[in-house]
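A closer look at the structure
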Amino acid sequence: MKVGIVGAGQLGRMLALAGYPLGLDFLCLDPAAEAPAGQVAPLLHGAFTDRRLLARLARQCDVITFDWENVPVSGLAAIAQRHRARVCPPLAALATGQDRVAEKRLFERLQIPTTRWQAVGSRRELSRALAAIGLPGVLKTRRLGYDGKGQALIRTRADAEQAWAQLGSVPLLYEQYVPFECEVSIIGARSVHGELGIYPLCGNVHGAGVLRLTRAPFGPPRWQRRAALYLERVLAHFRYSGILTIEFFVRRGRLIANEMAPRVHNSGHWTIEGATTSQFENHLRAILGLPLGATRARGFSAMVNLIGAMPPPAQLLALAGVHLHDYGKHARPGRKMGHCTVVEASAAARDARARALLKDLGVEVRIP
Ligand code: AMP
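Residues numbered from 1 in each chain as written. Predicted model: local features only at pLDDT ≥ 70, side-chain atom pairs only at ≥ 80, totals over all residues. Heavy atoms only, no water.

1. Some points on the packing of aromatic side chains
Inspection of every chain in the model, using the stated rule, returns 6 aromatic pairs. Ring geometry for Phe48 against Trp68: centres 5.9 Å apart, planes inclined by 35 degrees, an arrangement best described as tilted. Here Phe48 is found in the loop between strand E3 (43–45) and helix H2 (51–60), whereas its partner Trp68 is found in the loop between strand E4 (63–66) and helix H3 (73–82), with 20 residues between them in sequence. Taking the relative accessible area as the measure of exposure, Trp68 reaches 35% and is therefore partly exposed. Seen in terms of ring centroids, Tyr199 and Trp270 are 6.4 Å apart; in terms of plane orientation they differ by 85 degrees. Their pairing is edge-to-face. A residue pair is termed long-range when its members are at least 10 positions apart, and Tyr199 in the loop between strand E10 (196–198) and strand E11 (202–207) and Trp270 in the loop between strand E14 (254–261) and helix H9 (271–274) qualify at 71 residues. Note on Tyr199: relative accessible area 1%, which makes it buried. When the ring centre of Tyr177 is taken as origin, the NZ or CZ atom of Arg155, which lies over that ring, is 5.8 Å away. (Phe/Tyr/Trp six-rings, centres within 6.5 Å; stacked < 30°, edge-to-face > 60°. Helix = DSSP H or I, 4+ residues; strand = E, 2+ residues; numbered from the N terminus. Buried < 20%, exposed > 50% of the residue type's maximum accessible area, 1.4 Å probe, protein only. Lys NZ or Arg CZ within 6 Å of the ring centre and 35° of its normal.)

2. Let's talk about the domain arrangement of the protein chain
In many reports, interface size means the accessible area that the parts give up when they come together. Splitting the protein chain by domain gives domain 1 (2–87), domain 2 (116–176) and domain 3 (182–360). A C-alpha centroid distance of 23 Å is found between domain 1 and domain 3. Between domain 1 and domain 3, the residue contacts involve 21 residues of the former and 20 residues of the latter. At the boundary of domain 1 with domain 3, the tally comes to 1 salt bridge. One salt bridge in this structure joins Glu69 and Arg263, with 2.6 Å as the shortest N-O distance. Taken together, the connections running from domain 1 to domain 3 amount to 8 residue pairs in polar contact (both at pLDDT 80 or more). (Domains from an automatic or database assignment. Contact = heavy atoms within 4.5 Å. Salt bridge = Lys/Arg side-chain N within 4 Å of Asp/Glu carboxyl O. Polar contact = N/O pair within 3.5 Å; in protein donor to acceptor, adjacent residues only side chain to side chain.)

3. Re the state of the cysteines
Summed over all chains, the structure comprises 0 disulfides. Note on Cys202: no disulfide assigned, nearest cysteine sulfur contributed by Cys182 at a separation of 12 Å. Its sulfur unpaired, Cys340 is 16 Å from the next cysteine sulfur, which belongs to Cys202. (Disulfide = S-S within 2.5 Å.)

4. Examining the nonpolar core
Nonpolar side chains tend to gather and get buried jointly when the protein is soluble and globular. By size, the foremost hydrophobic cluster in this structure holds 34 residues, and its most contacted members are Val3, Phe26, Phe280 and Leu284. Listing elements by their share of this core, those giving two or more residues are strand E1 (2–6), helix H1 (10–19), strand E2 (25–30), strand E9 (182–190), strand E12 (210–216) and helix H10 (279–288). Of the domains in this structure, domain 1 (2–87) and domain 3 (182–360) are the two that each give at least three residues to this core. Each residue touching Phe26, except ones within four places of it in the same chain, is listed here: Lys2, Val3, Ile5, Leu15, Ala16, Gly19, Tyr20, Ala41, Pro42 and Leu284. (Core = buried A, V, L, I, M, F, W, Y, C linked by side-chain atoms within 4.5 Å.)

5. Quick word on the sheet that holds strand E6 (residues 137–141)
Spatially, E5-E8-E6-E7 is the arrangement adopted by the 4 strands of the open sheet, whose pairing is antiparallel. On the outer flanks of this sheet lie strand E5 (117–120) and strand E7 (151–154), each paired with one strand and no other. When the angles between neighbouring strand axes are averaged without regard to direction, this sheet yields 20 degrees. Pairing of E6 with E7, which is carried by 4 bridges, proceeds in the antiparallel orientation. Paired with Lys140 across the two strands is Gln151, which belongs to E7. Running over the sheet, helix H6 (residues 123–133) touches E5, E6, E7 and strand E8 (172–176) and is turned about 175 degrees from E5. Sheet strands touched by helix H7 (residues 157–167): E5, E6, E7 and E8. Its angle to E7, the strand with the most contacts, is close to 170 degrees. (Pairing = 2+ DSSP bridges. Axes fitted to C-alpha atoms, helices over the stretch in contact; angles between N-to-C directions.)

6. What to know about the site of the ligand
Taken together, 14 residues surround the ligand, and among them Lys140, Glu175, Val178, Glu183 and Glu259 come closest. Gln176 places a main-chain nitrogen or oxygen 2.9 Å from a nitrogen atom of the ligand. Contact distances for the ligand include 3.2 Å between an oxygen atom and a side-chain N or O atom of Asn258. Protein chains shield 91% of the accessible area of the ligand, which is 470 Å² for the free molecule. When residues of the shell around the ligand are traced back to their parent elements, those giving at least two are E6, E8 and E14. Its residues assigned to classes, the shell around the ligand comprises 5 nonpolar, 4 polar and 5 charged. For the shell around the ligand, the two domains that each supply at least three residues are domain 2 (116–176) and domain 3 (182–360). (Near = heavy atom within 4 Å. Areas by Shrake-Rupley, 256 points an atom, 1.4 Å probe, with all protein chains shown as cover. Nonpolar A, V, L, I, M, F, W, Y, C, P; charged D, E, K, R; others polar.)

Shown next, in the form of structure tokens:
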């Protein structure tokens, strides 16, 4: 069977690498000729909206998936209709994941707690939102924001002016700032036959809006139960197929949904070595209608993102038990270049390894 991947970033690359042992073939589409997945799978080089290339993908593949939530929905909808291509996860979930307002409405409809928010389309609406929700808060672009880009923290009226000047040219939303104790994410798969597989909760530490560290399993069982309940509501709502991720803030023991991603997720990279079946393999199994693999943790994992530049591989490989993943990208400040994972026998040993790894890499973040 052949899987088409729209987007050939590191997530597409890890999907392909997980699929080869299952005997799967891949064909990717990406505007970047040197995209990471294109180094391990055939690549159609062109725009995500190129109808000719999308049609080729549809003709040659049994199922089409995506590795980026901002892939234009219209092109995928057209090949689903005209070429009867099977696109998974569902396009309705993709469309919701592209718009923070649609996400918030979905969370509210499914009674999943989220931050207080208001849509902002003008300077006057920003004033109204500030009055209704108060300070501090975060002004975010509705679309195309990622890794802390397209958002501004507003603590004072003066900040509001600056944030508006910076972001005001596109549709926005303003939401309450959550002084969270920690951030967590839940990742789960639903197969086309409705089978569910939910991974242990991930504890995530961000620096400047970018994920630096994930630890899993993380947190008490009641957080796991709550997060899984919320995830299952969203999976059922969309009659979903594939991997879905929801990120939460934790404040006074309460989970507050921040956003969802209709795809495999950076906070799930630990599952490659740290779970019985990786998120990448389970995404493929789910969309191909194969039985899901067990989502149990093999131990206590820590995943550290390598950002901006790859450290010399020998520096990391000299450390016992470090699994290194290099995405094959050119170095650029702030760019996710690779990651490494350790799996330990206890949470305490895992946390000590995570701290040592971050120190070796010169990363300064506060680990709760
Ligand atoms: P996002 O792009 O929404 O995932 O935001 C990136 C990161 O910014 C989050 O993981 C948080 O660390 C921080 N952040 C975003 N929104 C809020 C908020 N309302 N309150 C506190 N921190 C936030």
